[in-house]
Amino acid sequence: MHATVNFPAHGSPAMPPSLLLRNLSSSGADSSLSPGDRAFLRRRGANKLRIGGFICCTGSPGVWGPCATNSAQLAVAEINKRGGILGREIELSIYDAGGPLDEVLNRAEQAIAFDELDLIVGLHTSAVRVGLRDVTTRHRIPYIYTPVYEGGERTPGVMAIGETPRWQSRPSIHWLADVKKASRWYLIGSDYVWPWQSHRAVKNYIRETGGHVVGEEFVPLGEDNHEPHLAPWVGQNPPGMVT
């Protein structure tokens, strides 16, 4: 388990969503706590809000790790400087969400059980999200998923806040069709859920412009040699490519 902070285990329950999803900017937010929430805070100690940041630190998505970790630590420092959330200081741990999925899920189980996380925030692939949401749902831990993704997430307790293809790919496709007159498209992506579902949406946006898809390919996640994929278009007028 890769974490910035280690916590003792006391066996306390997780923070209820009612405490996490209220208007945190309201000066009177604390006075609006329900009796049940007040009792919970007395049991928990009410002095820390423990957030687990599941961020890819290894593997091909590991390039996100340093900037995502630094951004999260800066945000926590700024919030804590203003008094935290409802007077509670945030305590942040960073866990590696890269590597084999079963290792990531085991890491999450241990973090919830022994580090007593109240909330999980994830910046990782959709393949990890699909597995991790089962863990957080089972333990009733709120889970905020932050990256751009394929859309369609409806799991209770999971809040996906990133852009979907409608807002990420559609404007670019329409611009390329209108300005660059792109009409022939070749789709290539890594072989997992985000590209699978994104390509389905992208095909609709290409049809909206009157264009057509001349080919589609999925390559192993982490593939970094794309010469074989580009070779057929060398010396030709290549189609627009979407990854």
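The preceding data block contains the structure.
Residues numbered from 1 in each chain as written. Predicted model: local features only at pLDDT ≥ 70, side-chain atom pairs only at ≥ 80, totals over all residues. Heavy atoms only, no water.

Asks: Can you walk me through the packing of helix α4 (residues 101-114) against helix α5 (residues 126-138) in this structure?
Replies: For any two helices packed against each other, one specifies the inter-axial angle together with the distance between the axes. Where α4 meets α5, the axes come as close as 10 Å, and the angle between the chain directions of the two elements is 30°. By the angle between their directions, the pair α4 and α5 is classed as roughly parallel. Both α4 and α5 take part in a crossing whose hand is right-handed. Across the interface between the two elements, Leu101, Val104, Leu105, Ala108, Glu109 and Ile112 from α4 touch Ala127, Val128, Gly131, Leu132, Val135 and Arg138 from α5. Of the residues in the contact of α4 with α5, the class split is nine nonpolar, one polar and two charged. (Axes fitted to C-alpha atoms, helices over the stretch in contact; angles between N-to-C directions. Helix = DSSP H or I, 4+ residues; strand = E, 2+ residues; numbered from the N terminus. Parallel < 35°, antiparallel > 145°, perpendicular 65-115°, else oblique. Left-handed = near helix turned anticlockwise from the far one by under 90°. Contact = heavy atoms within 4.5 Å. Nonpolar A, V, L, I, M, F, W, Y, C, P; charged D, E, K, R; others polar.)

Asks: Mind showing me how you'd approach the sheet that holds strand β5 (residues 158-160) here?
Replies: By definition, the strands of a sheet pair up through backbone hydrogen bonds, in either a parallel or an antiparallel sense. Strand order in this open sheet of five strands is β2-β1-β3-β4-β5, and the pairing throughout is parallel. Two strands lie at the open edges of the sheet, namely β2 (89-96) and β5, each paired on one side alone. Put simply, the sheet's adjacent strands are angled 20° from each other on average, direction ignored. Lying on the sheet, helix α3 (residues 65-81) is in contact with β1 (48-55), β2 and β3 (119-123); it crosses β2 at an angle near 170°. (Pairing = 2+ DSSP bridges.)

Any link to function would need more than the numbers given here.
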